[in-house]
Amino acid sequence: MFSSDSPPGAKPAVQHRSQRSRDRLIDALDALLREKPFEAVAVSEIAGRAGVSVATVYQRFSNRDAAVSILVALYLRRASDWWSEFAAENAGQQPPGTLYDAVVVVGRAAWRQLDEWGHVMRPAYLYSRLRPDLLDEHWQAQEQRAVHGFAHLLRSYAGEIEYPDLDRAAAMVAYFVNMMFLGPLLHPRGMSGWEAAGGRDEFVAELARFVCGYLGAPARGTVR
C-alpha cells in the first residue's frame, strides 16, 4: 500500500520547507474541490490558493499531470486520517447485536465517508481509472482490507448465516457493498436511481436486507 507521505507522482520532501509547501498544495486542492469539480481546477489555481509559485508545484510533484498527483496525495492522506479516526472511535465498543445491525453500522460509516470527503473520493476514483499506475496498488489493498473485514464480521455472526462458504461470501459481500456505494459516489444527488430508497437510513436498511438475504440470515435488528 502506498504511504500517504510518498504518493505516486510526488517527489521526496527532504526539507521541512518543502514539506510545508507540499502540504499547502494538498490543502489548497481540498478546499478547491469543495467549490468546483476537479476537471475545472488548474495547476495555477492550486498554486495561487496555496500561496506558492507554479514552479513550486513542479518541484514538489511530477511534471506529468501535476494536479492529478496532488489529488492522489490528498486522497491517500484523507483515507489514512479517516481510517485512523474510525478505528479510534470504535475501539472498545460492544459489537452490534445481530448481523443486520452490523451491516447497518458498516453502511452508515460508508455513507459518512461520502458526506465528509466524497469530493475527494469521486475524482480520485475516476482519474485512477484513467491512470491505473497511480492507485491500482492502493485499490487492491483496500479491497483486501474490505474482504478481510467482512470475513471477520461474518464469522462473528456465523450462527445466523446459512451460506456455507464464509470466505466466498465475504468476498461477494465486499464487492456488493462497494458497488452499492458507487452510485451515490459518482452521481450527484437528484440525478441517479440510487436515491429510490430515500435518505441514509432507508438506503442503509435496504443494503442490510440485501446482504442478509444473500447470506440467508434474518433481516432484523435493533439499530435505529
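First, a word on scope: everything that follows refers to the structure included in this document.

Thresholds applied
Residues numbered from 1 in each chain as written. Predicted model: local features only at pLDDT ≥ 70, side-chain atom pairs only at ≥ 80, totals over all residues. Heavy atoms only, no water. Helix = DSSP H or I, 4+ residues; strand = E, 2+ residues; numbered from the N terminus. Buried < 20%, exposed > 50% of the residue type's maximum accessible area, 1.4 Å probe, protein only. Polar contact = N/O pair within 3.5 Å; in protein donor to acceptor, adjacent residues only side chain to side chain. Contact = heavy atoms within 4.5 Å. Salt bridge = Lys/Arg side-chain N within 4 Å of Asp/Glu carboxyl O. Core = buried A, V, L, I, M, F, W, Y, C linked by side-chain atoms within 4.5 Å. Axes fitted to C-alpha atoms, helices over the stretch in contact; angles between N-to-C directions. Parallel < 35°, antiparallel > 145°, perpendicular 65-115°, else oblique. Left-handed = near helix turned anticlockwise from the far one by under 90°. Phe/Tyr/Trp six-rings, centres within 6.5 Å; stacked < 30°, edge-to-face > 60°.

**So, the side chain of Ser128**
Within the secondary structure layout, Ser128 lies in helix α5 (residues 99–130). You can call Ser128 buried: its relative accessible area is 1%. Of note is the side chain of Ser128, whose polar atom sits 3.2 Å from the side chain of Arg129. Leave out the neighbours within four places in its chain, and Ser128 touches Leu135 and Trp139.

**Focus: the pattern of salt bridges**
For the coordinates displayed, the defined rule picks out 11 salt bridges. Salt-bridge contacts for Arg78 lead to Asp30; the nearest nitrogen and oxygen are separated by 2.9 Å. One end of the pair, Arg78, is in helix α4 (residues 66–90); the other, Asp30, is in helix α1 (residues 16–33), with 48 residues separating them in the sequence. Classification of Arg78 by relative accessible area gives buried; the value is 17%. Linking Arg155 and Asp167 is a salt bridge whose minimum nitrogen-to-oxygen distance equals 2.4 Å. Taken together, the positions of Arg155 in helix α6 (residues 132–156) and Asp167 in helix α7 (residues 166–186) put the pair 12 residues apart, joining distant regions of the chain. Arg155 sits in the partly exposed class, given a relative accessible area of 47%. The structure contains a network of salt bridges with shared partners spanning Asp30, Arg34 and Arg78.

**A short note on the nonpolar core**
Counting residues in each nonpolar core, the largest one holds 67 residues, and the members touching the most others are Leu29, Ile46, Tyr75, Leu99 and Leu154. Looking at this core, the elements that each hand over two or more residues are α1, α2 (43–50), α4, α5, α6, α7 and α8 (200–215). The element that contributes the greatest number of residues to this core is α5, accounting for 13 residues. The residues contacting Leu29, other than those within four sequence positions of it, are Phe38, Val41, Ile46, Ala67, Ile70, Leu71 and Leu74.

**Concerning the packing of α5 against α7**
The N-to-C vectors of α5 and α7 enclose an angle of 60 degrees; their axes lie 9 Å apart at closest approach. With respect to each other, α5 and α7 are oriented oblique. As α5 packs across α7, the resulting crossing turns out to be right-handed. Side by side, α5 and α7 meet where Gly107, Ala110, Trp111, Leu114, Gly118, Met121, Arg122, Tyr125 and Leu126 of the first sit next to Phe181, Leu182, Pro184, Leu185 and Leu186 of the second.

**Here's the deal with the packing of aromatic side chains**
Using the criterion set out here, one finds 6 aromatic pairs in the structure. Judged by centre distance (5.4 Å) and plane angle (45 degrees), the rings of Tyr75 and Trp117 are tilted. Taken together, the positions of Tyr75 in helix α4 and Trp117 in helix α5 put the pair 42 residues apart, joining distant regions of the chain. For the pair Tyr163 and Tyr214, a centre-to-centre distance of 5.0 Å together with 40 degrees between the ring planes defines the contact as tilted. Taken together, the residues Tyr163 in the loop between α6 and α7 and Tyr214 in helix α8 connect sequence positions 51 residues apart.

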